[in-house]
Amino acid sequence: MSEPRFALGQRVRIAARDVAVHHRVPAYAQGHVGTVERICGLYGQPETYIHGDGQPFTRLYRISLAQTDLWPDYSGSSRDRLDIEIFEHWLEASS
Amino acid sequence: MSDHHDHDHARTFQPDHTEPTSDAALLGLALRELLISDGHYTAQEELRMMDAMQKASPHNGALLAARAWTDPDFKHRLLNDGANAIKEMGFNLLPIEFTVHENTDSTHNVIVCTLCSCYPRGLLGMSPAWYKSKNYRARVVREPRTVLKEFGVQLGNDVEVRVHDSTAELRYMVLPQRPRGTEGWSAEQLAAVVTRDALIGTQRDLDINAVAD
């Protein structure tokens, strides 16, 4: 679990899941593809903290998303970004 | 003084104007009593934590910004490993990854926590009420330029906007641009022009005339 599954700059998709436990993935980001901006540390999972100690501790990433991709009607610059923290088990490789 | 509780660890609860009446408030108080009586932490530890929280303020962030402007090596460490860099200045947010993003001529950063109200409280003190509002949290991610304009920040399309959504274990601060006309200023003078909103990113240009002599 200590080796990051994803590399800096890699394209990843944030999973879209309807789960009934507390998690930290806002609906607006689910299903979107971004790039790994930063590989962060290992932290307890929000989903398992509710009934324990957050095991297994899981890699956290910062994912950088294009605003024009997140919001079809986005009116700012095409270079505008939104960076968000996502745990590894919510990410999958994307082309 | 309230005489509802007369055992020692009750003294750390300081009522405002009214006694708690909502179920949630009473549940919180009961949980706190249990945590203390079961020895998870002591009332003294709670007081020390509250004291430290009260003492934290945006001035701490201003000191970091001023040092970064006057000490390029420190700035490098602050931007690359904020959590450890701030320890040099006597601050500590570990194990939280404290992350600093630098504004430049071509980039503007702004911080939000859409899911709740995550904020580096131990460093910058209490967050402003608007930071916790649903209006700010919902809108700054999807129309940041409009929200920034409402705060008085007008950005051309030559400036890239980067919104940082503080969703998990990281806490953020913006390093504003050093204002023009401050050449030769001391770190103390510089710190005095840095505002809380500039550290969040809802202010871009610092006003060097705002400093009281």
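A short tour of the structure in this document, coming up. (Residues numbered from 1 in each chain as written. Chains lettered and ligands numbered in written order. Predicted model: local features only at pLDDT ≥ 70, side-chain atom pairs only at ≥ 80, totals over all residues. Heavy atoms only, no water.)

What follows covers the interface of chain B and chain A. You'll often see interface size given as the accessible area lost when the parts meet. Between chain B and chain A, the contact holds 29 residues from the first and 26 residues from the second. Together chain B and chain A conceal approximately 2300 Å² of surface at their shared face, both sides included; 43% is due to carbon and sulfur atoms. Joining chain B to chain A, the criterion identifies six salt bridges. Counting the contacts that link chain B with chain A gives 24 residue pairs in polar contact (both at pLDDT 80 or more). (Contact = heavy atoms within 4.5 Å. Buried area = accessible area lost by both parts, 1.4 Å probe. Salt bridge = Lys/Arg side-chain N within 4 Å of Asp/Glu carboxyl O. Polar contact = N/O pair within 3.5 Å; in protein donor to acceptor, adjacent residues only side chain to side chain.)

Pairing in this open sheet of seven strands is mixed, and the strands run β5(A)-β1(A)-β2(A)-β3(A)-β4(A)-β3(B)-β2(B) from one edge to the other. Two strands close off the open sheet at either side, each with one partner strand: β5 (91–93) of chain A together with β2 (107–112) of chain B. Direction aside, neighbouring strands of the sheet carry axes that sit 35 degrees apart on average. Two strands pair when backbone bridges link them, and strand β3 (residues 58–66) of chain A and strand β4 (residues 81–87) of chain A are joined in this way by seven bridges, in the antiparallel orientation. Of the residues in β4 of chain A, the one forming a bridge with arginine 62 of chain A is glutamate 85 of chain A. Packed onto the sheet, helix α8 (residues 134–142) of chain B meets β4 of chain A together with β2 and β3 (160–165) of chain B and runs at close to 150 degrees relative to β2 of chain B. (Pairing = 2+ DSSP bridges. Helix = DSSP H or I, 4+ residues; strand = E, 2+ residues; numbered from the N terminus. Axes fitted to C-alpha atoms, helices over the stretch in contact; angles between N-to-C directions.)

Evaluated as defined, the whole model comprises 18 salt bridges over all chains. Residue glutamate 33 of chain B is joined to arginine 32 of chain B by a salt bridge in which the shortest nitrogen-to-oxygen separation is 3.2 Å. According to the relative accessible area criterion, arginine 32 of chain B is buried, its value standing at 9%. In this structure, arginine 67 of chain B and glutamate 88 of chain B form a salt bridge, with 3.5 Å as the shortest nitrogen-oxygen distance. One end of the pair, arginine 67 of chain B, is in helix α3 (residues 58–70); the other, glutamate 88 of chain B, is in the loop between α5 (82–85) and β1 (97–102), and 21 residues separate them in sequence. Residue classification places arginine 67 of chain B among the partly exposed positions, given a relative accessible area of 22%. What emerges from the salt-bridge pattern is a single network uniting Glu37, Arg62 and Asp83 of chain A together with Arg162 of chain B. (Buried < 20%, exposed > 50% of the residue type's maximum accessible area, 1.4 Å probe, protein only.)

Summed over all chains, the structure comprises eight aromatic pairs over all chains. An aromatic cluster of three or more residues is present, and its members are Tyr119, Trp130, Tyr131, Tyr136 and Phe151 of chain B. Lying across the ring of tryptophan 90 of chain A, arginine 17 of chain A places its NZ or CZ 4.5 Å from the centre. Stacked on the ring of phenylalanine 74 of chain B, the Lys or Arg arginine 67 of chain B has its end atom at 4.2 Å from the ring centre. (Phe/Tyr/Trp six-rings, centres within 6.5 Å; stacked < 30°, edge-to-face > 60°. Lys NZ or Arg CZ within 6 Å of the ring centre and 35° of its normal.)

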